Amino acid sequence: LQRVDEGMAAVSNMLRGLVRSASVSRSAFPALGPASQQGVAALGRRQPPVLQVPVGANRNFSSVASGLAASRLSTGSGNVFPCLAAASNGRVVLLGTSSVASGARGMATSKRTKRTWYGMRVSDDPTAPSVVRRKPTTPSLRHTAMVDKTYLWRGRPVKSLTFGLRKKAGRNNTGRITVWHRGGGNKRKYRMIDFRRANLHSEGVRYTVVERIEYDPNRSALIALLRHCKADATEEEKAKSALSYIVCPRGIVVGSELQASRSQGLDVLPGNAMPLRFIPTGTIVHNVELYPGHGAQLARSAGTSIQLLERNEETGYALLRLQSKEQRYVPIDCIATIGKVSNPEYKNESWGKAGRSRWFGWRPTVRGSAMNPIDHPMGGGEGKSKGGHHPTTPWGRKTKGLRTVRKRGPLIRTPRFKAK
């Protein structure tokens, strides 16, 4: 866009100079009517008109026309710029104030970058929506920044691929709290995600078409609804084909054809899934299996990805570099999806108020020093007291100084706490 803007400014200045010069004047266009001659004069006032300028008798306009035709700075409609079209048959078509010009300007405006009220660019990519702020008409909106869901599906999910979630409130099967600060929140329906993409011993290629891109309240990434047919399938075939949800890769659009196979290599395009043995080294992947046929377990969160560093056919393992810079070995028969996970701006979200945390099922976190002595070993005291001993859990166990690094497994080449 910056290059197009610079080119438009340069050509506009050049044309204005030609119009002001003696070589290009109203007398140079005897075949043009009064309206067109007014348009030529208006060109110097930055109002490009619609007219066809004969360029055969004027070398300056001929050079301009040839230069415009060679530049190929197209706006998507075949025009060199929104204000003038490519030269053909010895004529340069300038688009301005007529109906043709208004249509071209409308087309150029639709390509223009959309911005928020505070000047931030808004992405029109449904797989990478922007984090937008709203005008602070209330105190909570001043600190709220949420992902823009304008281009996502607004309807309900597929009923056959969902089921209701029962509230656990952080309790296990015996009713004891195992996860603190959970409870309440809005009702959710779980979307059944296809993390395998292809059965373990399946042959051939599995073709799917992206039906729509949806929001999923159960994960940070977006999800895509796939229809199991080819892109050129008939309406009857599409109506009979099955549906499934996947974690949406970044860069796909509605109507994209995605492929998955466990027996052969595929094109290295976002959304295609195949075993690591067929993926070139250095490729960025996500939704990677740890064991063949177990389904994807690595790089499933919003914006995450994994890089394939090397592959060894003799040992049967591939070396991956995870998002945490940890390097680990994975069997080369494990399937992975090309590209990154969608919704990369999720990390920049700000809920803005405590009430939205409750909507998501998070309860308040209370410090032990703010409790009474009967509720916590660090509670009680006059004013803000330190407790007189090391921080402990409500049951008296020390909470600082304990080893938190897991034991290094044989498949981990470089732990994340040692990676640079």
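Notes on the structure in this doc start here. (Residues numbered from 1 in each chain as written. Predicted model: local features only at pLDDT ≥ 70, side-chain atom pairs only at ≥ 80, totals over all residues. Heavy atoms only, no water.)

Another point: a negative patch on the surface. A contiguous patch of negative charge on the surface is contributed by D232, E236, E237 and E257. Within the secondary structure, E257 is located in strand β12 (residues 257-260). (Patch = residues over 30% accessible without salt bridge, like charges linked within 9 Å, V, L, I, M, F, W, Y side chains within 5 Å. Areas by Shrake-Rupley, 256 points an atom, 1.4 Å probe, with all protein chains shown as cover. Salt bridge = Lys/Arg side-chain N within 4 Å of Asp/Glu carboxyl O. Lys, Arg positive; Asp, Glu negative; His and termini not counted. Charge placed at Lys NZ, Arg CZ, Asp CG, Glu CD. Helix = DSSP H or I, 4+ residues; strand = E, 2+ residues; numbered from the N terminus.)

Counted by the stated rule, this structure contains ten salt bridges. Ionic pairing is found between E313 and R277, a salt bridge with its closest N-O pair at 3.2 Å. Residue E313 is found in the loop between β17 (306-312) and β18 (317-321), and its partner R277 is found in the loop between β13 (273-275) and β14 (284-286); the two are separated by 36 residues along the sequence. Residue E313 is classed as partly exposed on the basis of its relative accessible area, which comes to 47%. Here the salt bridges do not stand alone but share partners, grouping R277, R311, E313 and D333 into one network. (Buried < 20%, exposed > 50% of the residue type's maximum accessible area, 1.4 Å probe, protein only.)

Of all hydrophobic cores here, the largest spans 19 residues; its most connected members are L276, I279, V285, V288, I306 and L320. Of all the elements in the fold, those that place two or more residues in this core are β17, β18 and β20 (335-338). Apart from the residues lying within four places of it in its own chain, the contact partners of V285 are I279, S305, I306, A336, T337, I338 and G339. In terms of nonpolar packing, the next biggest core, distinct from the first, is built from twelve residues, V158, F195, I223 and Y245 among them. (Core = buried A, V, L, I, M, F, W, Y, C linked by side-chain atoms within 4.5 Å. Contact = heavy atoms within 4.5 Å.)

Quick look at the packing of aromatic side chains now. Each aromatic ring pair is specified by the distance between its two centres and by the angle formed by the two planes. The tally for this structure, following the rule as stated, stands at three aromatic pairs. Both rings, one in F163 and one in Y190, keep their centres 5.4 Å apart while their planes meet at 45°; by these two values the pair is tilted. Of this pair, F163 sits in strand β7 (residues 162-164) while Y190 sits in strand β8 (residues 189-191), and the two are 27 residues apart along the sequence. Accessibility expressed as a relative area gives 40% for F163, which makes it partly exposed. Of the residues examined, Y190 reaches a relative accessible area of 25% and is grouped as partly exposed. Between W351 and F360, the aromatic rings sit 4.4 Å apart at their centres with planes inclined by 0°, giving stacked as the arrangement. The class for F360 is partly exposed, based on a relative accessible area of 22%. Its guanidinium or amino end placed over the ring of Y207, K230 lies 4.7 Å from that ring's centre, counting from NZ or CZ. One residue, R300, lies across the ring of F195, its end atom 4.1 Å from the ring centre. (Phe/Tyr/Trp six-rings, centres within 6.5 Å; stacked < 30°, edge-to-face > 60°. Lys NZ or Arg CZ within 6 Å of the ring centre and 35° of its normal.)

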